[in-house]
Amino acid sequence: MKIILLGPPGAGKGTQAKLITEKYSIPHISTGDIFRKNISEKTPLGIEAKRYMDNGQLVPDEVTIGIVNDRLSMNDCENGFLLDGFPRTVKQAEALDSFLNSNEQKIDTALLIDVPKEFILERMTGRRVCSACGASYHIKFNTPKVENKCDVCGGLLVQRKDDTEETVKERLDVYDRQTQPLIQYYKEKNILAKVDGTEEIGMVFEKICDVLGAVAK
Ligand code: ADP
Ligand code: AMP
């Protein structure tokens with residue numbers, strides 16, 4: 001199964017991606033996670049990406065497309081993958097199509113997790129992520145078993161630098177201008193599916209499984 005997750009920042013893409021990729025045993029490819037790993041390792045890519053991420057801007061297409069093409073060329077993607085946070089521009093979507101076409105592959109579904117703006121600020125300012133493995137929690141909606149400790153690996157939970165109110169507003173603007181057009185892009189290709197992302201995490205996952213079950217048939 002080859003899946004794209006679409007939706008505004010804070011929609012729950014990372015949260016659902018973990019559940020979906022466990023169920024289908026496919027790699028979870030999050031461009032945000034790749035950039036954050038490079039930032040923590042202070043690589044040249046991380047140093048460049050940080051300049052954009054801290055201000056809520058997108059990392060340039062040329063950089064991002066190359067990274068995803070390299071990742072999709074790895075053996076573990078042969079039988080499927082889930083892209084979380086990519087594509088974010090029409091140019092990235094076109095580049096992805098041409099990469100997959102040249103490998104005689106195609107996306108099975110672009111799944112939109114639909115969450116209106118009024119939910120987003122609370123979700124993102126309350127998000128806490130594991131500083132070791134990147135797992136995502138929420139101070140109200142998805143609390144860890146032990147305060148400030150990751151359930152998966154015991155790592156320390158921290159707030160992302162780009163989850164402040166000011167940066168969230170900028171990221172939502174960027175989403176409207178640059179990413180939202182992808183909904184129409186995938187609708188025209190007849191592979192867009194939509195789930196209501198305002199329900200609780202387990203319910204959203206159930207609905208996603210229904211959609212993916214139908215796609216797999
Ligand atoms: P994205 O990857 O789309 O930016 P995340 O998966 O990191 O979003 O979710 C953003 C925040 O909202 C996290 O703190 C997460 O725990 C929380 N969250 C995710 N899904 C839901 C949901 N269905 N209801 C309430 N909170 C949610
Ligand atoms: P995310 O973890 O998906 O919320 O992404 C965090 C940040 O990483 C974004 O605000 C962007 O600055 C950058 N980023 C992630 N994915 C992309 C992408 N596909 N294109 C450009 N920038 C990206």
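Procedures and definitions
Counting restarts for each chain, with residues numbered from 1 along the sequence as it is written. Both sets of labels track the order of writing: A upward for chains, 1 upward for ligands. Whole-chain, interface and lining totals are the exception, using all residues; otherwise, since this is a predicted model, local features are given only for residues with pLDDT of at least 70 and side-chain atom pairs are given and counted only at 80 or more. Processing note: side-chain calculations cover all non-hydrogen atoms of the structure and skip hydrogens and water entirely. Numbering of helices and strands starts at the N terminus; helices are DSSP runs of H or I of at least 4 residues and strands are runs of E of at least 2. In this description the radius of gyration comes from C-alpha coordinates, and the expected globular size is given by 2.2 Å times residues to the power 0.38. When a residue's accessible area, from a 1.4 Å probe over protein chains only, is under 20% of the maximum for its type it is buried; when over 50% it is exposed; and in between it is partly exposed. Contacts are residue-level and defined by heavy atoms, with any inter-residue pair within 4.5 Å sufficient. Values of accessible area rely on a 1.4 Å probe in the Shrake-Rupley scheme; residue burial ignores everything except the protein chains shown. Asp and Glu count as negative and Lys and Arg as positive, but His and the ends of the chain are not part of the count. A charge is said to be at NZ when it belongs to Lys, at CZ for Arg, at CG for Asp and at CD for Glu. When DSSP finds at least two bridges between two strands, those strands are taken to pair. For this description, a residue counts as near a given molecule or strand if any of its non-hydrogen atoms is within 4 Å of it. Between N or O atoms, a polar contact is any pair within 3.5 Å; within protein, one atom must be a potential hydrogen donor and the other a potential acceptor, and residues adjacent in sequence are included only when both atoms are from side chains. Under this grouping Gly is polar, as are all residues other than the nonpolar Ala, Val, Leu, Ile, Met, Phe, Trp, Tyr, Cys and Pro and the charged Asp, Glu, Lys and Arg. What counts as a ring pair is set by centres within 6.5 Å for rings of Phe, Tyr and Trp (its six-membered ring), and what kind of pair is set by the plane angle: stacked under 30 degrees, edge-to-face over 60, tilted for all other angles. With axes taken as lines fitted to C-alpha atoms, and helix axes fitted only over the stretch in contact, angles between N-to-C directions fall between 0 and 180 degrees.

Q: Got a minute to help me understand the overall build of the protein chain in this structure?
A: Looking only at helices and strands, the protein chain features nine helices and eight strands. The C-alpha radius of gyration computed for the protein chain amounts to 16 Å, which stays within 12% of the reference 17 Å derived for 217 residues, consistent with globular compactness. C-alpha atoms of the protein chain, sized along the principal axes, occupy 45 × 40 × 35 Å. The burial tally for the protein chain puts 47% of its 217 residues in the buried class. Here the analysis covers contacts within the protein chain between residues at least 6 apart in sequence; of these, 69% occur between residues at least 24 apart. With the model as given, the accessible surface of the protein chain reaches about 11,300 Å², and the carbon-plus-sulfur share is 50%. In the protein chain, 30 side chains carry a positive charge and 33 a negative one; their mean positions are 2 Å apart.

Q: Would you mind going over the environment of Cys77 with me for this structure?
A: Locating Cys77 in the fold gives a position in the loop between helix H4 (61–72) and strand S3 (81–84). Through-space distance from the C-alpha of Cys77 to that of Ala132 is 24 Å; in sequence the pair is 55 residues apart. Ignoring sequence-local partners within four residues, the contact set of Cys77 consists of Pro27, Ile29, Arg71 and Leu72.

Q: Sorry if this is basic, but what is going on with the pairing of strand S5 (residues 127–130) here?
A: Where a strand is regular, its side chains alternate between the two sheet faces. As judged from the three bridges shared by S5 and strand S6 (residues 136–138), these two strands associate in the antiparallel manner. Among the inter-strand pairings, Arg128 is bridged to a residue of S6, identified as Tyr137. The antiparallel pairing of S5 with S6 creates a hairpin that spans five residues between the two strands, and Gly134 there sits at a positive phi of about 85°. In this sheet, strand S7 (residues 157–158) lies alongside S5 in antiparallel orientation, the contact comprising two bridges. Residue pairing for S7: Cys130 is matched across the bridge by Leu157.

Q: Looking at this structure, how should I read the site of ligand 2?
A: Lining the immediate environment of ligand 2, one finds 16 residues, of which Thr31, Arg36, Gln57, Gly85 and Gln92 sit closest. Backbone polar atom of Gln57 to an oxygen atom of ligand 2: 2.6 Å apart, as the coordinates give it. In the environment of ligand 2, a nitrogen atom lies 3.0 Å from a nitrogen or oxygen atom belonging to the backbone of Val59. For ligand 2, the protein covers 96% of the area, taking 480 Å² as the surface of the free molecule. Counting residues per element, the shell around ligand 2 draws most heavily on helix H2 (residues 31–40), which supplies four residues. Grouping the amino acids of the shell around ligand 2 by side-chain chemistry returns five nonpolar, six polar and five charged.

Q: Which parts of the structure should I look at to understand the packing of aromatic side chains?
A: Between two aromatic rings, the relevant description is the distance of the centres plus the angle of the planes. The final tally for this structure, using the stated rule, is one aromatic pair. Ring geometry for Tyr185 against Tyr186: centres 5.0 Å apart, planes inclined by 80°, an arrangement best described as edge-to-face. You'll find Tyr185 and Tyr186 in the same group, each marked buried.

Q: What's the story with the sheet that holds strand S8 (residues 192–196) in this structure? I'm lost.
A: The strands making up a sheet associate through backbone hydrogen bonding, with each pair oriented either parallel or antiparallel. Strand order in the open sheet formed by five strands is S2-S3-S1-S4-S8, and the pairing between neighbours is parallel. Two strands lie at the open edges of the sheet, namely strand S2 (28–30) and S8, each paired on one side alone. Recorded for the sheet is a direction-independent mean angle of 25° between the axes of neighbouring strands. Sheet topology places strand S1 (residues 2–6) next to S3; four bridges connect them, and they run parallel. Bridging from a neighbouring strand, Ile4 pairs with Leu83 of S3.

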